[in-house]
Amino acid sequence: MEGIAKPSSSGSGFTDGGSGGGGASMEERFADLCKSKLGLDESMTRQALQLLKETKNALMTSMSSLGGGSPEVIERFWFACVLYCVSRLSKAGRSKEDGVVSLCQILRASKLNIVDFFKEMPQFCIKVAHVLSGLYGSDWEKRLELKELQANVVHLSLLSRYYKRAYQELFLSNDAKSSENSSGANTQQASDYYRFGWLLFLVLRIQTFSRFKDLVTSTNGLVSVLAVLIMHIPVRQRNFNIKDSSYFGKKSDRGVNLIASLCEKYHTSEDELSKALEKTNNLIMDILKKKPCSAASECQQDNLSFIDPGLTVFKDLLQEDSLKSSLLILEKEYENAINTKGELDERMFANDEDSLLGSGSLSGGAINLPGTKRKYDVMASPAKSITSPSPMSPPRFCLSPNGNSFCNSKMAPITPVSTAMTTAKWLRSTISPLPSKPSGELLRFFSACDKDLTDDITRRAGIILGAIFTSSSFGERMCANVRSTNRMDAIWTEQRKMEALKLYYRVLESMCRSESQILSGNNLTSLLSNERFHRCMIACSAELVLATHKTVTMMFPAVLEKTGITAFDLSKVIEGFVRHEDTLPRELKRHLNSLEERLLESMAWEKGSSMYNSLIVARPALSAEINRLGLLAEPMPSLDAIAAHHNISLGGLPPLPFQKMERSPDKDEVRSPKRACTERRNVLVDNNSFRSPVKDILKSKLPPLQSAFASPTRPNPAAGGETCAETGIGVFFSKIAKLAAIRIRSLCERLQLSQQVLERVYSLVQQILSQQTALFFNRHIDQIILCSIYGVSKISQLELSFKEIIFGYRKQPQCKPQVFRSVYVHWPPRSRNGKTGAEHVDIITFYNEVFIPAVKPLLVEVGPGASPNKKDEEKSSVDGQFPESPRLARFPNLPDMSPKKVSATHNVYVSPLRSSKMDTLLSPSSKSYYACVGESTYAFQSPSKDLKAINNRLNSGKKVSGRLNFDVVSDLVVASSLSGDQNARPASMEVVPIKTPVKCEPSES
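Below: a short report on this structure. Numbers given for residues are sequential positions, taken from 1 along each chain in its written order. Residues qualify for local features only when their pLDDT is at least 70, as the model is predicted, and side-chain atom pairs are given and counted only at 80 or more; totals for whole chains, interfaces and linings, by contrast, use all residues. Side-chain calculation: all heavy atoms of the structure are included, whereas hydrogens and water are not.

1. Side note on helix H2 (residues 42-54)
Move 1: We count a stretch as a helix when DSSP gives it H or I for four or more residues in a row; a strand needs E for two or more, and each element gets its number in order from the N terminus. In this analysis, the expected span of each helix is defined as 1.5 Å times one less than the number of residues it contains. For H2, which comprises 13 residues, the first-to-last C-alpha distance of 18 Å matches the rise-based estimate of 18 Å (1.5 Å per residue) to within 8%.
Move 2: Where H2 is concerned, the buried positions are Met44, Thr45, Ala48, Leu49, Leu51 and Leu52. Taken around the axis of H2, the buried residues stretch over an arc of 165 degrees, which confines them to a single face. Projecting away from the buried face of H2 at angles above 90 degrees are the exposed residues Glu42, Arg46 and Lys53.
Move 3: Throughout, a contact is declared for two residues whenever any of their heavy atoms are within 4.5 Å. Packing partners of the buried residues in H2 comprise helix H1 (26-37), helix H3 (56-60), helix H4 (71-89) and helix H7 (129-136). The buried label goes to any residue with under 20% of its type's maximum accessible area, the exposed label to any with over 50%, and the partly exposed label to all in between, with areas taken from a 1.4 Å probe on protein chains only. Taking the helix axis as origin, the arc is that swept by the directions to the C-beta atoms.

Dropping the structure here:
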């Protein structure tokens, strides 16, 4: 058959008596690993062998989708995954004495690193999910806590880099260039100071942060450790002069205000940092048995000179003899803690050369490591964020000539940690001061409804937020002082709950104000009495608070499970949140944008999505397939059920009448969430970009928000007799098509495919969405795109293999190995391969067995000999299932990516000139829209003459394997040249001595 894909041969060659085992069987090699290298007892070894035997068949069929290396490497991955599952899920005790090993021990014994393990473990879980459910129960995934552990690894990786950078700014380090008269002892002592700070932070994290360990709280603790080091490390080890350094900007007649200066640099609050420092001091007294200096004369006067008195100082804390004993005590304290419940030896993060760390990057939920900025950032506001410098300001961070990172700058460099702290500052300064009750204006909207809804709304908010912010929501984590940590947990939970409540009321008031203007009245009964609308609003508020603090647990979509809504429900309020909260930081806008992408690419298509409840109304022909696969969403749980499940006190308020106010589903209505009739402008919907694959659903007159939560079967008066489900699905499909267009363009440019091929791929995906919608069910949109690219390349007679497509896809920012390694299929009763039931296969098998049989007629239509008009005429006359399918549009005009790749063969990007720069640098008569941009931590422009240097380099024919460096010209010279000032000096005469690299991709070699 035309277009059949050849399977990869990478998985062949594995035998049970594989290499490296001297002829021993797999079970014998695994038993040797358990007993000889890990020292497991008989009970644990027996459980591990049982799980290995039951998953052996899955291993044999998964050689091409796990590890990607030799059979021996794949076997080691499988062994490690099996052992981790047994250690976490077995009913044995959780202490070392019971034979349980930590993840670090498993990885060292298996000769694997932690980055590779977390990349492969999700694939293992997909393959053996049915086995784990049978052995350990349906809640095995929750108990495994894989996502939480991965997020913890990401946090510690970020924090260790943050600590290393800060330490090198402040103190001499062992990897700094030693002076001629420095001794090896001094270098070792510097290393000990560094190790002491990290160990003190880890013990503080265990003792006081308990199970939450969010990034913001951890950073406060890390800054408090820096304060202790500043006061106790000898002056000879400093990289700064506290009297003259602008690093400590908060000064008074009494000297430097250390706490305020650190808060200014690291975006913490003085109150939170003071509390963290108090905990650190108590830890030093309790564990290290150090006593505070009772008089100033007892302390090191040179360390404390020019520092405002009032801080706790310990005598001889970091003197040579005391330092060694303190390190031993902290090591022992930490080892005792991780030996009971710890999975990771977090000390390894202070050692960059530790083999466990690996090389690569991980993403923990909403936490992204540096270098993974999403290109698709349409939602981010062009306005300055609260951390943006003024247009003419110098860079806030620079590298000093001597090689360390310290310079006279008050501000920290832009890193994931500093971004999190800046976002938390917005929450602290903008949201926390607000009242925890509805404002007077909001109360007037409540009372203007057919019935005063104040009690109903406040009661609902209390129950839903109580369900989200409970101690049980955040799991069990190791902690030493249970009573103290439980008290801290309660305080932390209540603070986050109040922040979410205040944000909910603030955005709700803005929405009500906007709706009342549209409707020319204050009666918003339809909107304010809708249960699902409020739950979505509360869930969105809570998610933003959790994303701000970057908790290790309760990562999305956990908040949906607590509130009883689906991701598709949440999508109805995401855009409204962004539009009605003007002060929302850019980082949170990006977070909401990433959530919407996740919804569109896969979550909306998963089993149990409320999208299917609307789709079955909009497309009755799909009802048989939807019911066969069991895709419909369950009814939303009642408030009383949520309150009872989480043991939430109802506070004596009467029960909510929402059950009466919302129509119960009748025999003619699908029991489903209420889908939007129409939606106003969305980040993935553009009025003028292209037509929907179903209908032209965007009207010139925009409806009020309350129509977004109407019943799917209710007629939509603004859409010419359509039901709300039809209109809503049309809007949803148009967003899917736009996201697909963005990803198709990006991948086709990477594969260097022509514009004609790109348009064919996009046209095919649109036709699949319209005519073969079931191919998207329970699958990822990228799986359809990858197959479409391969199919079009075959029909266009291009020499492009699936391997090359996957290689290019691996470089996409949204790439996950599971997308091409594990595709869901549910074989029909009479499948041609004789299989039945559901399973996950690789993408080549999916392409050959499922995609091609369904899409072959559509592939022929988009082939080289097809006429677009002829295709549409035939389709409208032959396709009786969807007689109203419109003519497919050409590839849409998409917003420019920033930075945008401007060459298919070279790794060069350009970004538009920011509006803030344009307003300052350009006159009304002179406009320049593009400039060369360096690293994101710099705020420079390059003059137009540097574009010539770029072009010369690109046209030289030499492969660019590194970064292009250009001299950066000052903003003053740029402004002069752009304004046409003939008297301005030539740009080449005023050069800032800093090299700024143009952004480039990693080398493909």
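We are not done yet, so read on.
2. With respect to the pairing of strand E5 (residues 823-827)
Move 1: Burial analysis of E5 places four of its five residues in the buried class, which makes it a mostly covered element.
Move 2: Note on pairing: DSSP must find at least two bridges between two strands before they are called paired. Pairing of E5 with strand E6 (residues 837-841), which is carried by five bridges, proceeds in the antiparallel orientation. For valine 823, the partnering residue across the bridge sits in E6 and is valine 841.

3. Quick word on unusual backbone geometry
Move 1: Cis geometry is adopted by the peptide bond preceding proline 557, which originates at phenylalanine 556 and carries an omega value of 10 degrees.
Move 2: Mapped onto the fold, proline 557 is located in the loop between helix H21 (531-549) and helix H22 (558-563).
Move 3: With a phi angle near 60 degrees, glutamine 797 is a residue other than glycine that sits in the positive phi range.
Move 4: Its location among the elements puts glutamine 797 in the loop between helix H31 (781-795) and helix H32 (802-809).

4. Some words on the pattern of salt bridges
Move 1: Salt bridge, as applied in this entry: a Lys or Arg side-chain nitrogen positioned within 4 Å of an Asp or Glu carboxyl oxygen. A full pass over the atoms with the stated rule returns 31 salt bridges.
Move 2: Between arginine 459 and aspartate 640 there is a salt bridge whose closest N-O contact spans 3.2 Å. Separated by 181 residues along the polypeptide, arginine 459 in helix H18 (residues 454-468) and aspartate 640 in helix H27 (residues 639-645) bring together distant segments of the chain.
Move 3: Three or more residues joined by partner-sharing salt bridges are found here, namely Asp192, Arg195, Glu331, Glu335, Asp345 and Arg347.

5. Observations regarding the packing of aromatic side chains
Move 1: Stacked, tilted and edge-to-face are the three classes applied to pairs of Phe, Tyr and Trp rings, where Trp contributes its six-membered ring and a pair requires centres within 6.5 Å; stacked means planes under 30 degrees apart, edge-to-face means over 60, and tilted covers the rest. This structure, assessed with the given rule, holds 27 aromatic pairs.
Move 2: Taken together, the ring pairs in this structure connect Tyr163, Tyr167, Phe171, Tyr194, Trp198, Phe201, Phe240 and Phe248 into an aromatic cluster.
Move 3: Any Lys NZ or Arg CZ that is within 6 Å of a ring centre and within 35 degrees of that ring's normal is treated as a charge sitting over the ring. The positively charged end of lysine 265 is found above the aromatic ring belonging to tyrosine 266, 5.6 Å away from the centroid.
Move 4: Arginine 496 extends its terminal NZ or CZ atom over the ring of tryptophan 492, reaching a point 5.3 Å from the ring centre.

6. Considerations on the packing of helix H24 (residues 586-601) against helix H29 (residues 724-750)
Move 1: What counts as an axis is a line fitted to C-alpha atoms, over the stretch in contact for a helix, and the angles between N-to-C directions run from 0 to 180 degrees. The interhelical angle for the contact between H24 and H29, taken along N-to-C directions, is 100 degrees, at an axis separation of 10 Å. Viewed along their axes, H24 and H29 adopt a mutual orientation that is roughly perpendicular. Each of Glu596, Glu597, Leu600 and Glu601 in H24 lies in contact with H29, whose residues at this interface are Phe732, Lys735, Ile736, Leu739 and Arg743.
Move 2: Nonpolar residues are Ala, Val, Leu, Ile, Met, Phe, Trp, Tyr, Cys and Pro. Charged residues are Asp, Glu, Lys and Arg, and all others, Gly as well, are polar. For the contact of H24 with H29, the class distribution of residues is four nonpolar, no polar and five charged. By the definition adopted for this analysis, an angle is roughly parallel if under 35 degrees, roughly antiparallel if over 145, roughly perpendicular if from 65 to 115, and oblique otherwise.

Such coordinate-based values are descriptive only and should not be taken to indicate function.
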